[in-house]
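Inside the fold
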Amino acid sequence: QVQLVESGGGLAQAGASLRLSCAASGSFVSINIMGWYRQAPGKQRELVAFISRGGSTNYADSVKGRFTISGDNAKNTVYLQMNSLKPEDTAVYYCQADVVVAFIMNRDYWGQGTQVTVSS
């Protein structure tokens, strides 16, 4: 079993910064990709950013230039540095990981979510 534990959410004013962390633990071989999704009230969950084990990154257009995803493979941890926050960034942020749990066997895991609220 794999657990993803997020931290770092909270309340921030527009223009401020927050940093989210997500640490994976449990029994697995390796992690291929870790990413962040978010879901605002009444909206579908959307991809924010992801990073591969090799360090390749991808961002939603809405956060490019403001958010930075990074990872520490040794710690099985991914970070999301969020700068220049906007009220529309308000959402529950979920960590997601594509985990190699056994030979040629991958599974997706999700964290419990952390609330980010940006006030204007």
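The structure we're discussing is the one just above.
**Digging into the packing of aromatic side chains**
- According to the stated counting rule, one finds one aromatic pair in the structure shown.
- In this structure, R19 packs its charged tip against the face of Y79, placed 4.2 Å from the ring centre.

**Here we look at the environment of T57**
- The residue T57 is located in strand β6 (residues 57–59) in this model.
- The exposure class of T57 is partly exposed, given its relative accessible area of 38%.
- The spacing of T57 and V78 is 21 residues in sequence and 12 Å in space, taken between C-alpha atoms.
- For T57, the contacting residues outside a window of four places in its chain are F50, I51 and I69.

**Some words on the state of the cysteines**
- Under the defined criterion, the tally for this structure stands at one disulfide.
- Paired by a disulfide, C22 and C95 hold their sulfur atoms 2.1 Å apart. Its S-S torsion of approximately -80 degrees makes the covalent link between C22 and C95 left-handed. Of this pair, C22 sits in strand β3 (residues 18–26) while C95 sits in strand β9 (residues 91–102), placing them 73 residues apart in sequence.
- Look at C22 and you get buried, because its relative accessible area is 0%.
- Using a relative accessible area of 0% as the deciding quantity, one classes C95 as buried.

**Observations concerning the side chain of R66**
- Turning to its location among the elements, R66 is positioned in the loop between β6 and β7 (67–72).
- Here S84 takes part through its backbone oxygen, which lies 2.9 Å from a polar atom of the side chain of R66.
- Here the side chain of R66 touches D89 through a polar contact of 2.7 Å, side chain to side chain.
- Those residues in contact with R66 that sit more than four places away from it in its chain are Q81, M82, N83, S84, L85, K86 and D89.

**Some details on the nonpolar core**
- Ranked by internal contacts, the top residues of the largest apolar core, which has 33 residues, are L4, M34, W36, L80, M82 and Y93.
- Of all elements in the fold, only β1 (2–7), β3, β4 (30–39), β5 (46–52), β7, β8 (77–82), β9 and β11 (114–119) reach the threshold of two or more residues within this core.
- Of all the elements, β9 adds the most residues to this core, at six residues.
- Setting aside its immediate chain neighbours within four residues, M34 contacts L4, C22, A24, F50, I51, I69, N76, T77, V78, C95, Q96 and A97.

Rules of the game
- Residues numbered from 1 in each chain as written.
- Predicted model: local features only at pLDDT ≥ 70, side-chain atom pairs only at ≥ 80, totals over all residues.
- Heavy atoms only, no water.
- Phe/Tyr/Trp six-rings, centres within 6.5 Å; stacked < 30°, edge-to-face > 60°.
- Lys NZ or Arg CZ within 6 Å of the ring centre and 35° of its normal.
- Helix = DSSP H or I, 4+ residues; strand = E, 2+ residues; numbered from the N terminus.
- Buried < 20%, exposed > 50% of the residue type's maximum accessible area, 1.4 Å probe, protein only.
- Contact = heavy atoms within 4.5 Å.
- Disulfide = S-S within 2.5 Å.
- Polar contact = N/O pair within 3.5 Å; in protein donor to acceptor, adjacent residues only side chain to side chain.
- Core = buried A, V, L, I, M, F, W, Y, C linked by side-chain atoms within 4.5 Å.

Spatial relationships are all this shows, so hold off on functional conclusions.
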